[in-house]
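# Geometric and topological summary
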Amino acid sequence: MYNEKVIQEFTCPKNVGEIKDADGVGKVGNAKCGDIMKMFLKIDDGKITDAKFQTFGCAAAIATSSVATELIKGKTVEDALKLTNKDVVNKLDELPAQKIHCSVLAEEAIKAAIDDYESKAKGRDIGKLGNK
Ligand code: FES
């Protein structure tokens, strides 16, 4: 069912874990399969310096989380927002049709973590204004 690359990413996933002092955290789930993906981002000066994930899900969900974190590390937030599930699937060469939604989850988890980062950043800016 899965190709070699997917199996490799699933059996030896990169960036598994949690970033305790993450600047952005995104948690998404798929109601149909019940899989959950949590993404942690460390962002410095608009650049993603670290990304980790915790995924409770299928092999494809873990493989796509691994690849997605690798794809966004070192990118600017702006560029990371452009990442699509197709980029993730391409990196894995392919995914079975019934597993494409797993790659969508990876894209959504990254966007949710960036959303969290941006709303926290806005809060900080408002806080700074309040101190003036
Ligand atoms: Fe739902 Fe993989 S089966 S994320």
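This is a predicted model, so every value here is computed, not measured. (Residues numbered from 1 in each chain as written. Predicted model: local features only at pLDDT ≥ 70, side-chain atom pairs only at ≥ 80, totals over all residues. Heavy atoms only, no water.)

### Digging into the pairing of strand 3 (residues 47-56)
Relative to strand 3, strand 2 (residues 36-44) runs antiparallel, the two being bridged by 9 bridges. Bridging across to strand 3, Met39 finds its partner in Phe53. With antiparallel pairing between neighbouring strands as the criterion, strand 2 and strand 3 make up a hairpin whose turn holds 2 residues, including Asp45 at a positive phi of roughly 55°. (Pairing = 2+ DSSP bridges. Helix = DSSP H or I, 4+ residues; strand = E, 2+ residues; numbered from the N terminus.)

### A look at the sheet that holds strand 3
If you trace the 3 strands from one edge of the open sheet to the other, you get 1-2-3, paired in antiparallel fashion. The open sheet has two edge strands, strand 1 (24-29) and strand 3, and neither has a second partner. The average undirected angle you get between the axes of adjacent strands in this sheet is 15°. Of the pairings in the sheet, the one linking strand 1 to strand 2 comprises 6 bridges and is antiparallel in character. Counterpart to Lys27 in the pairing with strand 2 is Lys38. Helix-sheet contacts for helix 2 (residues 59-72) involve strand 2 and strand 3, and the interaxial angle to strand 3 is about 175°. (Axes fitted to C-alpha atoms, helices over the stretch in contact; angles between N-to-C directions. Contact = heavy atoms within 4.5 Å.)

### Describing helix 2
A rise of 1.5 Å per residue sets the reference length of helix 2, with its 14 residues, at 20 Å; its end C-alpha atoms lie 20 Å apart and thus fit the reference within 8%. In terms of burial, helix 2 is largely enclosed, as 12 of its 14 residues are buried. Three or more residues of helix 2 are buried, namely Ala59, Ala60, Ala61, Ile62, Ala63, Thr64, Ser65, Ser66, Val67, Ala68, Thr69 and Ile72. Positive phi shows up at Gly74, right after helix 2, with a value of about 90°. (Expected span 1.5 Å × (residues − 1). Buried < 20%, exposed > 50% of the residue type's maximum accessible area, 1.4 Å probe, protein only.)

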